[in-house]
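# Chains, contacts and geometry: an overview
So the chains spell out like this:
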Amino acid sequence: MNYLKERILKDGKVYPNNVLKVDSFLNHQIDPAVVNAVEKLMYEHFKDRKITKVMTIEASGIAPAIMVANRFNVPMLFAKKTVPSTLKNQERYHALVHSYTKNTDSDVIVSKQYINKDDHILIIDDFLANGEAAKGLVSIAHQAGATVAGVGIVIEKSFQPGRHLLEEMGLDVYSICRIQSLEDGKVTFVDGDE
Ligand code: G4P
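Okay, so let's go over this structure. As the structure is a computational prediction, the values presented were derived from the model and not from experiment.

Looking now at the site of the ligand. In the neighbourhood of the ligand, 22 residues make up the surrounding shell, with L20, A129, G131, E132 and K157 lying closest. In this structure, an oxygen atom belonging to the ligand sits 2.9 Å away from a side-chain N or O atom of S60. K81 has a polar side-chain atom sitting 3.1 Å from an oxygen atom of the ligand. For the ligand, whose unbound accessible area comes to 700 Å², protein coverage reaches 86%. Mapped onto the shell around the ligand, the elements with two or more residues apiece are strand 2 (19-21), strand 5 (92-99), strand 7 (120-128) and helix 5 (132-143). Broken down by element, the shell around the ligand gets its largest block of residues, 3 residues, from strand 7. Classifying every residue of the shell around the ligand gives 8 nonpolar, 8 polar and 6 charged.

Now the structure itself:
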């Protein structure tokens, strides 16, 4: 069992509506040992993909993404949920990202300056649930003519449709930890993923 799974079992808290809180080591307070373990496994999986850039979405994706980018020795780019006043409409890519958990829509943006058709982009995020965030990032990469080299996820909620949606798009989805169920307040990992 990898270190992330051990910490989820020890410190993760299951809330109503299938929400897993990992605030003590990933989403609020961040334990570098957890992110370090994640980054090593991500590198092993994606090391042959000629990654030129790591892309995520603010806020919680940033910590794992910067660690992975550091390992690949490439820049990390994060999509912003608010538009900087200095960035004109024609200077940015954007995608509408719907959050089912918060029931909100965010128009996320990335400056056209930092992504181009020669990029091989590794998308990293902390959670994969419905896949809306990752889908938005894929759309931005494609608007720039870039290649999406893969999607690396820290915690996948495998009982939600995100993985299926991304695999239908032909993407390689690699998750450090896949959760089968959060029923009755108990975390169960996908079979064979122990
Ligand atoms: P998606 O991320 O796959 O698109 O699915 P969804 O619309 O359900 O997720 C909306 C937000 O809720 C995302 O963060 C996602 O990371 C987070 N999320 C989903 N399920 C869980 C969960 O069980 N536990 C925790 N802690 N977060 C979950 P976001 O809106 O982008 O916010 P943030 O990154 O600024 O925190």
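With respect to the helices and strands, the residue N130 is situated in the loop between strand 7 and helix 5. Excluding its chain neighbours within four sequence positions, the residues that come into contact with N130 are Y100, Q160, P161, G162 and L165.

Analysis parameters
- Residues numbered from 1 in each chain as written.
- Predicted model: local features only at pLDDT ≥ 70, side-chain atom pairs only at ≥ 80, totals over all residues.
- Heavy atoms only, no water.
- Near = heavy atom within 4 Å.
- Polar contact = N/O pair within 3.5 Å; in protein donor to acceptor, adjacent residues only side chain to side chain.
- Areas by Shrake-Rupley, 256 points an atom, 1.4 Å probe, with all protein chains shown as cover.
- Helix = DSSP H or I, 4+ residues; strand = E, 2+ residues; numbered from the N terminus.
- Nonpolar A, V, L, I, M, F, W, Y, C, P; charged D, E, K, R; others polar.
- Contact = heavy atoms within 4.5 Å.

Shape descriptors only; they carry no functional weight alone.
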